[in-house]
Amino acid sequence: DAMVIQNPRYQVTQFGKPVTLSCSQTLNHNVMYWYQQKSSQAPKLLFHYYDKDFNNEADTPDNFQSRRPNTSFCFLDIRSPGLGDAAMYLCATSRLGASGTYEQYFGPGTRLTVT
Amino acid sequence: AQSVTQLDSQVPVFEEAPVELRCNYSSSVSVYLFWYVQYPNQGLQLLLKYLSGSTLVESINGFEAEFNKSQTSFHLRKPSVHISDTAEYFCAVSETTDKLIFGTGTRLQVFP
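Here goes a summary of the coordinates provided. (Residues numbered from 1 in each chain as written. Chains lettered and ligands numbered in written order. Predicted model: local features only at pLDDT ≥ 70, side-chain atom pairs only at ≥ 80, totals over all residues. Heavy atoms only, no water.)

**Brief notes about the pairing of strand 10 (residues 87-94) of chain B**
Residue and element names in this part refer to chain B.
Phase 1: Of all 8 residues making up strand 10, 8 are buried, and the element is well covered by its neighbours.
Phase 2: Where burial is concerned, the two faces of strand 10 agree: the one with A87, Y89, C91 and V93 and the one with E88, F90, A92 and S94 are both buried.
Phase 3: Relative to strand 10, strand 5 (residues 32-38) runs antiparallel, the two sharing 7 bridges. In the sheet register, Y36 faces strand 10, and the bridge partner there is F90.
Phase 4: Sheet topology note: the strand 10/strand 12 (residues 106-111) ladder contains 3 bridges and is antiparallel. Of the residues in strand 12, the one forming a bridge with Y89 is T106.
Phase 5: Here 2 bridges tie strand 10 to strand 11 (residues 101-102), and the two strands are oriented antiparallel to one another. Of the residues in strand 11, the one forming a bridge with V93 is I101. (Buried < 20%, exposed > 50% of the residue type's maximum accessible area, 1.4 Å probe, protein only. Helix = DSSP H or I, 4+ residues; strand = E, 2+ residues; numbered from the N terminus. Pairing = 2+ DSSP bridges.)

Here is the structure:
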């Protein structure tokens, strides 16, 4: 089945130690997104790629970076995680559908713990 | 600017009772509307969507939502809930961009 895969599902890192979360997709979608979701809150868009074009949200901290080496893979790098970065990180993909909108498909998420 | 309001942060209900989760949006242009469901420690799953055509849309597991343009609403309903429906439900809106605007979510808690 075509899907969005996130590894690992659970990640523990130390305060200040760089960490990378990965996302891959078999849907061949040209748009990929990274969201941060804290407990009992809505997902917050950090940035997204439209093909190779990187689109950063205005309020995304510089501590968060992303790479998309090819259509299938996208990485989220947190350069110096703080305790406040503990959250669920969701990857999503989409493409322009016949309806004229982008329907997003989400991966299962990676829960990041910062100790 | 777009915004989505889910007035109810939590909705407790007994099994087999009907439920309605409310969603209102604001937008100056035509929109596309979505309901996503999130089970604990999982990602979001698309439950149903309104893109065009019939204003009443249904999911495979008995949920339905009706797009009401005059009231700018897209409420989610189910006539008889099951324990397994316990989850967080997010309403989302999109204009003709590749971004979604999410509501703050409604936690549906179904009790036996």
